[in-house]
Each structure stands twice: as C-alpha cells, then as structure tokens.
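Notes for the structure review
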Amino acid sequence: MTGPIIGISAGSIITEEGAGSEKLSVNEAYIKAICQTGGVPVILPTVSVKATIEAQVGLLDGLLLSGGGDIHPLFYGEEPDTRLGFCDLRRDEYELALIQAAAGRHKPIFGICRGIQVLNVAFGGTLYQDISRIPGSCQQHTQQARRDTPFHTVIVEKTTCLFDIVATESFRVNSFHHQAVKDPAPGFIVSGRTRDGVVEAIEQPGQEFVLGVQWHPEMLLQVRPEMRELFRRFVKKAAQSNRRSSIK
C-alpha cells in the first residue's frame, strides 16, 4: 500500500539557450520531506489549459506550494514597486488556478515561503512587495546563516491549527524572503507572526488542512521536531482525503 500522492509546484530555470529551453526545478528537500513523512511526491509541470490543471489536481491527494520568486502585484491590484524582484507570470497564473482547483475539490494545501504568499493572493489577500514597506519591521528576514539554521522566533496564536500541530507558543525558524502577507485573504486568519509583526503563518479555519508558512520547514526536519510534524500532519490529511475519494 502506497502513501497519498502529493503534488509539488515547480519553479522555472531560464537557461542560456533562450526561449523554449526553460527547465522546471524543485529543491530536493521538499521531496525528501514528503517521502520521510509517508507521502509519494510528484513534481507538477506548469501548464496553462484549465482542463489539464483540473486533471492534474484530480490525480492528487494533497498540494504542496514550493518557494520561488515574487508574485506579480497585478494579481492583487497593485502596480510594481521599485523593490519588486523577478516575477514569472506564467507560474503565477498556473499556481493561482491550481490552488482554486485544489480548493474546489477540498484537497489539503500546504504553502511554503512563496507558497504562503500565492495561497493568500489566490483567495483574495494582498502582499507587501518588500518587507521594508512594513511599519515597524526591524528584524533580519533573509538570514545570514546556513539554510538549516533556526534563526528568528515565530509567535503562534492559540486555538489555531498551527498551534495544534506544533504544540508550543513559540519556536525558531529559518527565513529567506523579502515579500510578506499584508491583508490576509477573506476567511483566513493569521496563526503566526515574528516579534516585529511580520506574518509568518496563515490558515483557513474549518478546512481539513489549508495552511501557509513563511519559513522553510523542509530544511529543518533534522533539527526541529515541529517541522517534521507539520509535514506529517499534512500527509496524514492527504491520506484521509484519499480514503474519502475512494469511498465515493
């Protein structure tokens, strides 16, 4: 018996060969994290046909939104800021459609780094295009340390899914981002923040598992048990989704 199928969104690598030679890429840490917690990872190629996206989601038990570049602000009603980084509109459009298709089928969704941001935008939320635009932000959010180093503290809201999973009011995480959630999407709540107020986790109450985190838990499985539990709970919810689909 195999575990639940977890689709992982991929980023694009533009090579020197030019148009038509782009490659899709996913950091191996995501794949290992899913395997180590009982899931079966598959990498999702970026496509544009709605029927194909629906077919992809139909094969999955859970969706993992991986990290990557900036999301174009046109998707949340703003013009590009001078501090906006590289945007891949093709990926933006694909992931926004992918999230809606997964939500429509009540699939568990787990967003990581860029993933929390695109998850928020998909449901009608907004972003800070750069952390320097956040009033009062003063911490380092692109850490000068090894990627598997827990670097700054996240304060967790009680009575949230995140608190239920990590079973602690605060813990340290790694940090590699310059954008952040501004206005949480309707129906979502903030379940974690840094001490300087930057949103680190959002979730959709009442759903099986629709959760986004700003850090990279896939890089911390060996040093933080809470990070392994995040993946374990996500994969478990995906397995339950698989069983419900089989009964129907």
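Let me sum up the structure you'll find in this document. Computed from a predicted model, the values in this text were never measured in an experiment. Sequence order as written defines the numbering, with residues in each chain counted from 1. For a predicted model such as this one, the threshold for reporting local features is a pLDDT of at least 70, and the threshold for listing and counting side-chain atom pairs is 80 or more; totals across whole chains, interfaces and linings nevertheless cover every residue. By convention in this description, side-chain values take in all heavy atoms of the structure and omit both hydrogens and water.

1. Considering helix H4 (residues 114-122)
Under the convention used in this document: Think of it in three bands: with a 1.4 Å probe and only protein chains considered, a residue is buried below 20% of the maximum accessible area for its type, exposed above 50%, and partly exposed in between. A run of DSSP states H or I qualifies as a helix once it reaches four residues; a run of E qualifies as a strand once it reaches two. Both are numbered from the N-terminal end.
Burial within H4 is extensive, with 9 of its 9 residues counted as buried. Burial in H4 covers these residues: Arg114, Gly115, Ile116, Gln117, Val118, Leu119, Asn120, Val121 and Ala122. Following H4 by one or two positions, Gly124 has its phi on the positive side, about 105 degrees.

2. Section: the packing of aromatic side chains
How we decide: Note on aromatic pairs: the rings of Phe, Tyr and Trp (six-membered ring only in Trp) are paired at centre separations within 6.5 Å, and the planes decide the class, stacked below 30 degrees, edge-to-face beyond 60, tilted for the rest.
Overall, the coordinates contain 6 aromatic pairs when judged by the stated rule. Measuring from ring centre to ring centre gives 5.7 Å for Phe110 and Phe209, while their planes differ by 80 degrees; the resulting arrangement is edge-to-face. On the criterion of sequence distance, the pair formed by Phe110 in strand E6 (residues 109-112) and Phe209 in the loop between strand E12 (199-203) and strand E13 (210-213) is long-range, its members being 99 residues apart. Residue class for Phe110 comes out buried when judged on its relative accessible area of 0%.

3. Looking at the sheet that holds strand E1 (residues 5-9)
Selection criterion: Strand pairing is defined by DSSP finding a minimum of two bridges between the two strands. Fitted lines through C-alpha atoms serve as axes, helices being fitted only where they are in contact, and the angles separating the N-to-C directions of these axes extend from 0 to 180 degrees. Whether two residues touch is decided by their heavy atoms; if any such pair falls within 4.5 Å, the residues are in contact.
Reading across from one edge, E4-E1-E5-E6-E13-E12-E11-E8-E9 is the order of the 9 strands in this open sheet, with mixed pairing throughout. Looking at the sheet topology across the chains shown, the edges are occupied by strand E4 (40-44) and strand E9 (170-173). Each neighbouring strand pair of the sheet contributes to a mean axis angle of 25 degrees, computed without reference to strand direction. Here E12 pairs with E13 via 3 bridges, running antiparallel. Paired with Ile202 across the strands is Gly212, a residue of E13. Strands E1, E4, strand E5 (62-65) and E6 of the sheet are contacted by helix H1 (residues 28-36), whose axis makes an angle of about 150 degrees with E4. Helix H3 (residues 89-104) rests against E1, E4, E5 and E6 of the sheet, and its axis sits at about 150 degrees to E5.

4. Quick look at the nonpolar core
Quick reminder of the rule: We call a set of buried Ala, Val, Leu, Ile, Met, Phe, Trp, Tyr and Cys residues a nonpolar core when their side-chain atoms join them within 4.5 Å.
Counting residues in hydrophobic clusters, the biggest one holds 31 residues, and the most contacted among them are Leu64, Phe110 and Trp215. Where this core is concerned, the elements lending two or more residues are E1, H1, E6, strand E8 (152-156), helix H5 (161-166), E9, E13 and helix H6 (225-247). When residues of this core are assigned to their parent elements, the largest contribution, 6 residues, is made by H6. In contact with Phe110, not counting residues within four places along its chain, are Leu63, Leu64, Leu65, Phe209, Leu211, Val213, Pro217, Leu230, Phe231 and Phe234. In this structure, Ile71, Ala102, Leu119 and Val199 belong to the second largest nonpolar core, which totals 28 residues.

5. Considerations on the packing of helix H2 (residues 50-58) against H3
The following threshold applies: Oblique is the label for any angle not covered by the other classes, which are roughly parallel (under 35 degrees), roughly antiparallel (over 145) and roughly perpendicular (65 to 115). Less than a right angle of anticlockwise turn of the near helix away from the far helix marks a crossing as left-handed, whereas a clockwise turn marks it as right-handed. The nonpolar class holds Ala, Val, Leu, Ile, Met, Phe, Trp, Tyr, Cys and Pro. Asp, Glu, Lys and Arg form the charged class, and all remaining residues, Gly among them, are polar.
Relative to each other, H2 and H3 sit at 50 degrees, their axes nearing to 9 Å. Comparing the axis directions of H2 and H3 gives the class oblique. In terms of crossing hand, the pair formed by H2 and H3 is right-handed. Contact residues: H2 offers Ile53, Glu54, Gln56 and Val57, while H3 offers Tyr94, Ala97, Leu98, Ala101 and Ala102. Classifying every residue of the contact of H2 with H3 by side-chain character gives 7 nonpolar, 1 polar and 1 charged.

6. Some details on the pattern of salt bridges
Two side chains carrying opposite charge are able to pair once their charged atoms lie near each other. For the record, the criterion: Salt bridges, as used here, are contacts in which a Lys or Arg side-chain nitrogen is within 4 Å of a carboxyl oxygen on Asp or Glu.
By the definition in use, this model includes 12 salt bridges. The salt bridge partner of Arg91 is Glu95, with a shortest N-O separation of 2.8 Å. Of this pair, Arg91 and Glu95 both sit in helix H3, separated by 4 residues, roughly a single helical turn. The pair formed by Arg91 and Glu95 is uniform in burial state, with each residue classed as buried. Measuring nitrogen to oxygen at the nearest pair gives 3.8 Å for the salt bridge that ties Arg233 to Glu229. Of this pair, Arg233 and Glu229 both sit in helix H6, 4 residues apart, roughly one helical turn. Judged on exposure class, the residue Arg233 and its partner Glu229 are both buried. Among the charged side chains, a network of salt bridges with common partners joins Arg91, Asp92, Glu95 and Arg114.

7. Here's the deal with the environment of Gly197
As for its placement among the helices and strands, Gly197 is situated in the loop between strand E11 (189-193) and E12. Between the C-alpha atoms of Gly197 and Thr37, which are 160 residues apart in sequence, the distance is 31 Å.

These figures capture arrangement, not role.
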